[in-house]
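Below, each chain spelled out in residue letters.
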Amino acid sequence: MSDLWANLFRTWDLIKPPLRPPADVVGVLKQLIDTNSAEMALLGVTPEFARLGKSLVAVDANPHMIGALWIGDSATRKAVLGNWLDLPLPDKGVDAIVGDGCLSAVVSEAQRLRCLAEMARVLRPGGRAAIRLFARPAATEPLDAIRADALGGRIKALAEIVLRTALSLPVAAPDHGLKMSAVLDAINGMFGDRKALMAAGGWQPDAFAFIDLYKGSDTICCWLNEAIHVAEASRYFADVSLVPSGTYPVADRCPILLLGSPRH
């Protein structure tokens, strides 16, 4: 487990949309999946998704995240320690799978494909997966535009700066991976001592604790565009589409990848 994922739970409450899903996203998932009758799996322990489904099993490799964020086991839902690349679930065992940013949280093309293959394996015929993406825009946004919006008071959450920066920095195919320390370096390069940024956004120094975890981190996340996500998913699912996830800031870069008809 990487250094960042091992410690991220400590600053979870500081992370806001778009890095966490707002209520819009939950509403869209309920439209896409018959959550009242579905036996579901959740990749991670995203609290906003944890109450979906008639029943739900959440899979996370980080015991600290489970301990800090999981809503608690019950007769109809539980969290288990496990790897998304080798899901501890039976073949054709669930009606639906949901996840938030999980295809960015794996470190390579090979891992993304393995994760998609595992989703296809555990979905029943007729089942669906709905995964919120963090997708690069067709035209890369210049860092100067992010800086201008932030210093102009047009950005209300540090998470927006993080996501827009990560989706703007150069990455290389086929992995499209980027160290999160590079994202912090770019943010620090844009905002220097942070005083002007804090004044513009009304933030106190402790609001930066979650991004300061990136300092010196070797943790890699993947930041690819929608077309590549669709192409990769199409290897394992016959029905692949993108669905808007809401109207919150930067929602246009956070579509839901809707997957159906798994190729068993």
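The preceding data block contains the structure.
Cut-off values and rules
- Residues numbered from 1 in each chain as written.
- Predicted model: local features only at pLDDT ≥ 70, side-chain atom pairs only at ≥ 80, totals over all residues.
- Heavy atoms only, no water.
- Helix = DSSP H or I, 4+ residues; strand = E, 2+ residues; numbered from the N terminus.
- Buried < 20%, exposed > 50% of the residue type's maximum accessible area, 1.4 Å probe, protein only.
- Disulfide = S-S within 2.5 Å.
- Axes fitted to C-alpha atoms, helices over the stretch in contact; angles between N-to-C directions.
- Parallel < 35°, antiparallel > 145°, perpendicular 65-115°, else oblique.
- Contact = heavy atoms within 4.5 Å.
- Nonpolar A, V, L, I, M, F, W, Y, C, P; charged D, E, K, R; others polar.

**Considering unusual backbone geometry**
- In this structure, proline 18 follows proline 17 across a cis peptide bond, with omega equal to 10°.
- Relative to the assigned elements, proline 18 resides in the loop between α1 (3-7) and α2 (23-32).
- With an omega dihedral of 5°, the bond running from alanine 173 to proline 174 counts as a cis peptide bond.
- With respect to the element layout, proline 174 can be found in the loop between α7 (158-166) and β6 (177-179).
- Of note in the backbone geometry, arginine 194 takes a positive phi value of approximately 75° without being a glycine.
- Positive phi, close to 55°, is recorded for serine 261, a residue that is not glycine.
- Along the chain, serine 261 turns up in strand β9 (residues 256-262).
- Overall, the relative accessible area of 33% leaves serine 261 in the partly exposed class.

**Focus: the state of the cysteines**
- For the structure on display, the rule yields zero disulfides.
- Left unpaired, cysteine 102 is separated from the closest cysteine sulfur, that of cysteine 115, by 5.4 Å.
- By relative accessible area, cysteine 102 is classed as buried at 1%.

**Some points on the packing of helix α6 (residues 143-151) against α7**
- At their nearest, the axes of α6 and α7 sit 10 Å apart, and the two run at 170° to each other. Judged by the angle between their axes, α6 and α7 are roughly antiparallel. In this structure, α6 uses Leu143, Ala145, Ile146, Asp149 and Ala150 to contact α7, whose residues at the interface are Ile161, Arg164 and Thr165.
- Looking at the contact of α6 with α7 residue by residue, the classes come out as five nonpolar, one polar and two charged.

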